Each structure stands twice: as structure tokens, then as C-alpha cells.
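For reference, the chains in residue letters:
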Amino acid sequence: MNNRPRIFIIEDVPEMASLIAMYIEKADMQAFSYSTAEAALSEMKTTGEPDCLILDLNLPGMSGFDFLTRIRRDFRPTVPVVIVSARDADEDVIKGLGIGADEFVTKPFSPRVLVARIQAHLRRMTVSSAAAEESVRFGDYVLLLDSNVLKNGGRKIQLSVKEYAVLEYLIQNAGTSLSPEKIYTKVWKTQFGDMTAVAVYIQRLRKKIEKDPSNPMFIKTDFGNGYFFPKEAIIA
């Protein structure tokens with residue numbers, strides 16, 4: 001499963017869209033290009049909001065301003081939007097920021113600087129999300145307890161419901177060895193079933209959060225007793 005941030009580029013000049021996409025991909029983010037606002041809007045309705053939007057103003061069909069107004073009304077209001085446009089009149093900048101853009105970049109621009117701006121917005125999103133709800137930090141990760149989300153920097157780590165539940169249970173009991181039976185009863189809500197499922201989910205989690213799953217830093221094995229999350233791994 002791909003956990004890289006999804007960046008939507010709404011730009012009707014193919015060469016410009018390709019250039020931006022190339023630099024975004026080099027920075028280990030996913031780039032998706034759309035030549036019209038309507039196409040991007042349709043994709044958002046199907047797959048949800050991206051992690052950041054790069055928006056041109058002069059588009060065929062729906063204008064960038066109309067698109068921005070629409071997404072701020074119908075989608076999550078905190079999705080960062082960076083306008084990239086050749087229009088640099090004060091009125092355009094004021095209007096763009098006024099209806100919900102987070103930044104206004106005028107053409108020509110440095111693609112590397114644009115990518116740095118995107119990354120800065122993603123970092124701020126991570127920090128603000130963590131500050132807005134109860135969270136637990138370990139290593140480079142933040143576990144958001146209210147929204148059941150695990151993040152690493154600006155990246156959301158895709159976890160299944162039970163993967164999240166296993167991780168949360170281990171963290172809530174940091175320093176205590178938990179037997180497979182205890183984990184199974186807590187997460188699967190029953191005392192009867194295939195206990196080997198616990199080991200399967202532990203391995204899945206290790207592959208997603210450990211640098212070396214064979215020598216885990218976070219989800220450790222207490223041989224004969226079960227699994228535990230070290231207290232010292234949690235950042236106060």
C-alpha cells in the first residue's frame with residue numbers, strides 16, 4: 001500500500017504539469033495531474049481529498065477561483081491549496097487568499113522551492129492535527145488517538161482497523177508484556193478463535209513501522225510471554 005502524500009496538480013499546460021509532477025515525485029510524493037478543475041473534482045469525490053492541491057487559475061471550463069470556492073465548501077477545509085499562476089495582480093492574490101488558498105506562487109517559479117513549500121504545508125498539517133487531539137509520539141511517528149490515524153511526518157500510514165487496534169493496545173500498555181490471548185480478547189472482542197492471527201498482525205505492523213522488522217525497536221517480543229511496546233520508545 002502506498003503511503004506517500006498525494007498531491008493533485010490542476011494545470012492545463014501539459015509541460016508545466018509534467019515539470020511540477022517530476023519534482024514532486026523526486027521528493028517521494030505522489031503526483032496526479034488534471035487539465036481541468038472538473039476532472040480533479042470528480043476524482044476527489046471518488047477517492048477523497050489529496051494531501052495538497054497545486055492550482056492554476058486560468059483553466060478551461062471551471063476557473064481556479066470557482067474550483068477553490070467549491071472545495072472549501074464541500075470538502076475538508078484544512079487541505080492545503082497552493083495557487084500557481086501567471087496572474088500576479090494584487091486583486092488576484094487577495095481574492096485567492098480570501099477564498100481559501102494557503103499560498104499564492106507566481107509564474108515563473110522554482111520547482112524545487114514549490115516542492116519545499118508543499119512539504120512545509122504537510123508538516124504544519126501534521127503538527128496541527130497532533131495538537132488538536134490526544135496523541136502519542138514514538139520515533140518519527142504520531143498516533144492520533146481520536147481519529148485513529150498513524151502519521152510519519154506528512155505521511156499517513158495506512159493501517160487496517162485491527163492493525164490500529166493492536167498498535168493502540170500495545171502503546172496504551174507500554175512496558176507490559178501482553179499475551180496473544182490478551183491481545184486477541186481485546187482486539188477481536190472474543191476469547192475464542194485463531195490466536196495465530198495476533199502474530200500475523202504483529203508482523204504486518206512491524207513491516208509498516210519498523211526500519212528492520214527482524215530487529216524491532218517498537219513492537220518487541222517477550223519470549224514465552226507475548227509482545228510489548230517499550231516505555232522508553234514513547235516521547236513525552
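Each value, and the rule that gives it
Residues numbered from 1 in each chain as written. Predicted model: local features only at pLDDT ≥ 70, side-chain atom pairs only at ≥ 80, totals over all residues. Heavy atoms only, no water. Helix = DSSP H or I, 4+ residues; strand = E, 2+ residues; numbered from the N terminus. Buried < 20%, exposed > 50% of the residue type's maximum accessible area, 1.4 Å probe, protein only. Pairing = 2+ DSSP bridges. Expected span 1.5 Å × (residues − 1). Core = buried A, V, L, I, M, F, W, Y, C linked by side-chain atoms within 4.5 Å. Contact = heavy atoms within 4.5 Å. UniProt positions renumbered as here; feature names shortened; annotations may be inferred.

**Looking at unusual backbone geometry**
In this chain, K107 is followed by P108 through a cis amide linkage whose omega measures -5 degrees. Phi is positive for D28, which is not a glycine, with a value near 65 degrees. When you line up the elements, D28 lands in the loop between α1 (14-26) and β2 (30-34). Judged by its relative accessible area of 46%, D28 falls in the partly exposed class. Non-glycine residue K189 carries a positive phi angle of around 60 degrees. Looking at where K189 falls in the secondary structure, it is placed in the loop between α7 (180-188) and α8 (196-209).

**Things to note about the pairing of strand β6 (residues 135-138)**
The side-chain alternation of β6 yields one buried face, formed by V136 and F138, and one unburied face, formed by S135 and R137. Note that β6 and strand β7 (residues 141-144) share four bridges and pair antiparallel. From the neighbouring strand, F138 faces β7, where its bridge partner is Y141. Alignment of β6 against strand β12 (residues 234-235), held across two bridges, turns out to be antiparallel.

**Regarding helix α6 (residues 161-172)**
Helix length check: α6 (12 residues) gives 16 Å between terminal C-alpha atoms against 16 Å at 1.5 Å per residue, within 8%. Within α6 the residues assigned to the buried category are E163, Y164, V166, L167, E168, Y169, L170 and I171.

**Considerations on the nonpolar core**
In a soluble, globular protein the nonpolar side chains are often hidden away together inside. Within the largest apolar cluster, 30 residues are counted, with the highest numbers of intra-cluster contacts made by F138 and L167. Elements with a contribution of two residues or more to this core: β6, β7, α6, α7 and α8. Look past the residues within four positions of L167 in its chain and what remains in contact with it is F138, L143, L150, L159, L205, I209, I219 and F229. In terms of nonpolar packing, the next biggest core, distinct from the first, is built from 22 residues, Y34, A37, L59 and I71 among them.

**Concerning the UniProt feature "domain: Response regulatory" (unreviewed entry) in the chain**
The feature "domain: Response regulatory" (unreviewed entry), as given by UniProt, occupies residues 6-122 in the numbering adopted here. Span residues 6-122 is 48% helix and 20% strand, its end C-alpha atoms 11 Å apart.

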